[in-house]
Amino acid sequence: MSLESKQLRSLSKVYLEAVYGGEKKKDTSMVVTNADKKANTKAYQNMKAGVKGYKAADHMGEEKKAAKDYDGDGKVESGKDEYFRSKDKAIKKAMVKKIK
């Protein structure tokens, strides 16, 4: 190797560190999807068992929970369920008042 190629590699390494934060280790984990969950594949079973090398896809996360218990039932459901239940409860309450 000539002196120039050593200098170029050194310069390239410094550039990578300065611009991109250095070389990053590539993630080699297997990504498990909802399709794997539905089909109960070996990959999904291994991920649930805690075998290293498997990770859940971004869309595999649980539904987002509501910020608080809007319908007052003591449980915090998903945002959508919480909204519809509180709306339903308010409608029923208004109907009872109207009847009386």
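For the structure, see preceding data.
A few points on the structure. This one's a predicted model, so the numbers in the text were calculated from it and none came from an experiment.

By the element assignment, asparagine 46 lies in helix α3 (residues 42-49). Setting aside residues no more than four positions away along its own chain, asparagine 46 makes contact with Val51 and Tyr54.

To continue, consider α3. Regarding α3, the residues found buried are Tyr44, Asn46 and Met47. All buried residues of α3 fall inside an arc of 160° around its axis, so they share one side. Among the exposed residues of α3, those oriented more than 90 degrees off its buried face are Lys42, Lys48 and Ala49. Where α3 is buried, its residues meet β1 (30-32), α2 (34-39) and β2 (54-56). Just beyond α3, the residue with positive phi is glycine 50, at close to 90°.

Before going further, it helps to examine the pattern of salt bridges. It is possible for side chains of opposite charge to pair when their charged atoms get near one another. Applying the stated criterion across every chain yields a total of one salt bridge. Across the salt bridge formed by aspartate 88 and lysine 92, the nearest N and O atoms sit 3.2 Å from each other. Pair noted here: aspartate 88 and lysine 92 are both in helix α4 (residues 79-99), with a separation of four residues, about one helical turn. Overall, the relative accessible area of 37% leaves aspartate 88 in the partly exposed class.

Quick notes on the rules
Residues numbered from 1 in each chain as written. Predicted model: local features only at pLDDT ≥ 70, side-chain atom pairs only at ≥ 80, totals over all residues. Heavy atoms only, no water. Helix = DSSP H or I, 4+ residues; strand = E, 2+ residues; numbered from the N terminus. Contact = heavy atoms within 4.5 Å. Buried < 20%, exposed > 50% of the residue type's maximum accessible area, 1.4 Å probe, protein only. Arc of directions from axis to C-beta. Salt bridge = Lys/Arg side-chain N within 4 Å of Asp/Glu carboxyl O.

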